[in-house]
Amino acid sequence: NDSINDVVWKAYLEQNEMGHDIIIILPDNKRIYALGSILAAKAPALIALMNTEVSPKEIDLTSSDLLSSSIKAVLDFVHGAHDTDPPRIALMQDYSALCSTLHAADYCGAQGCKSWVE
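Once a new chain begins, its residue numbering starts again from 1 and follows that chain's sequence as written. Thresholds applied to this predicted model are a pLDDT of at least 70 for local features of residues and 80 or more for the giving and counting of side-chain atom pairs; totals over whole chains, interfaces and linings are not thresholded and use all residues. Based on all heavy atoms of the structure, the side-chain values leave hydrogens and waters out of the count.

Draft legend 1. Seen up close, a nonpolar patch on the surface. Candidates for patches are residues over 30% relative accessible area with no salt bridge; among them, like charges are joined within 9 Å and nonpolar side chains (Val, Leu, Ile, Met, Phe, Trp, Tyr) within 5 Å. Accessible surface is estimated by sampling points in the Shrake-Rupley manner with a 1.4 Å probe; for residues, cover comes only from the protein chains shown. One side-chain nitrogen of Lys or Arg within 4 Å of one carboxyl oxygen of Asp or Glu is enough to make a salt bridge. A surface patch of nonpolar side chains, about 400 Å² in accessible area, is lined by W9, Y12 and L13. Secondary structure elements are taken from DSSP: a helix is a run of H or I of four residues or more, a strand is a run of E of two residues or more, and numbering for both begins at the N terminus. Position of L13 relative to the elements: it lies in helix α1 (residues 2-18).

Draft legend 2. Region of interest: the side chain of E58. Residue position: E58 is located in strand β4 (residues 58-60). Burial here depends on accessible area, computed with a 1.4 Å probe over protein chains only, as a share of the maximum for the residue type. Under 20% is buried, over 50% is exposed, and the range in between is partly exposed. A residue is classified by how much of its surface remains accessible, and E58, at 19% relative accessible area, is buried.

Draft legend 3. Focus on the packing of helix α4 (residues 68-78) against helix α5 (residues 95-108). Convention adopted: a line fitted to C-alpha atoms gives each axis, helices being fitted over their contacting stretch, and angles between N-to-C directions are expressed from 0 to 180 degrees. As a packed pair, α4 and α5 sit with axes 8 Å apart at the nearest point and diverge in direction by 65°. Judged by the sense of rotation from one axis to the other, the crossing of α4 with α5 is right-handed. The residues of α5 that touch α4, namely those facing S70, I71, A73 and V74, are S100, T101, A104, A105 and C108. Nonpolar residues are Ala, Val, Leu, Ile, Met, Phe, Trp, Tyr, Cys and Pro. Charged residues are Asp, Glu, Lys and Arg, and all others, Gly as well, are polar. When the residues that make up the contact of α4 with α5 are grouped by side-chain class, the tally is six nonpolar, three polar and no charged. For any pair of crossing helices, the crossing counts as left-handed if the nearer helix is rotated counterclockwise from the farther one by less than a right angle, and right-handed if it is rotated clockwise. Whether two residues are in contact is decided by their heavy atoms: any pair within 4.5 Å suffices.

Draft legend 4. Main features of the packing of aromatic side chains. Whether two aromatic rings pair depends on their centres lying within 6.5 Å, for rings of Phe, Tyr and Trp, where Trp uses its six-membered ring; planes under 30 degrees apart make the pair stacked, over 60 edge-to-face, and the rest tilted. On inspection of all chains with the given rule, the structure shows one aromatic pair. Measuring from centroid to centroid gives 5.2 Å for F77 and W116, while their planes differ by 35°, and the two rings are tilted. Linking F77 in helix α4 with W116 in helix α6 (residues 111-117), this pair joins segments that are 39 residues apart in sequence. For F77, a relative accessible area of 14% corresponds to the buried category. With relative accessibility at 36%, the residue W116 sits in the partly exposed group.

Draft legend 5. The arrangement of the pattern of salt bridges in detail. Applying the stated criterion to the full structure yields three salt bridges. Between R31 and E58 there is a salt bridge, with the nearest N and O atoms lying 3.8 Å from each other. Of the two residues, R31 sits in strand β2 (residues 31-35) while E58 sits in strand β4, which places them 27 residues apart along the sequence. Owing to a relative accessible area of 54%, R31 belongs among the exposed residues under this scheme.

Draft legend 6. Representation of the sheet that holds strand β1 (residues 21-25) in the model. Each pair of strands is called paired provided DSSP finds at least two bridges between the two strands. Pairing is mixed across the open sheet formed by four strands, whose spatial order is β2-β1-β4-β3. Strands with a single pairing partner mark the edges of an open sheet, and in this sheet they are β2 and β3 (50-51). Examined bridge by bridge, β1 and β4 share three bridges and lie parallel to one another. Among the inter-strand pairings, I24 is bridged to a residue of β4, identified as I59.

Draft legend 7. Region of interest: unusual backbone geometry. The step from S55 to P56 runs through a cis peptide bond, and the omega angle for that step is 0°. Inspection of the secondary structure assignment puts P56 in the loop between β3 and β4. A positive phi angle, near 70°, is found at N29, a position not held by glycine. By the element assignment, N29 lies in the loop between β1 and β2.

Function cannot be read off these values alone, since they describe shape.
Here it is as structure tokens:
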């Protein structure tokens, strides 16, 4: 499939530019790692928040009003945790968590995640 090949090559080229591991500092000050090329492709609003003057690069979300669990749910989605059969991570079931995840997906620019939750 040409579209898949295009995405893979674009991600490979962006990975060289973005770096492999990007540290994301969640609102609760926990740190998780994300892949730069995946964020660029699937959560581009986060890339705009990236501090490139430190190594490894980092995205500080400590001042965000989002829940850490919601941001983590979006990052799990964009990194493919729901693409396996069975999914490595299940979709949350309560209304409040779904709404919070939709808000986090919108904040991150993760339209695929937003559509999936809707």
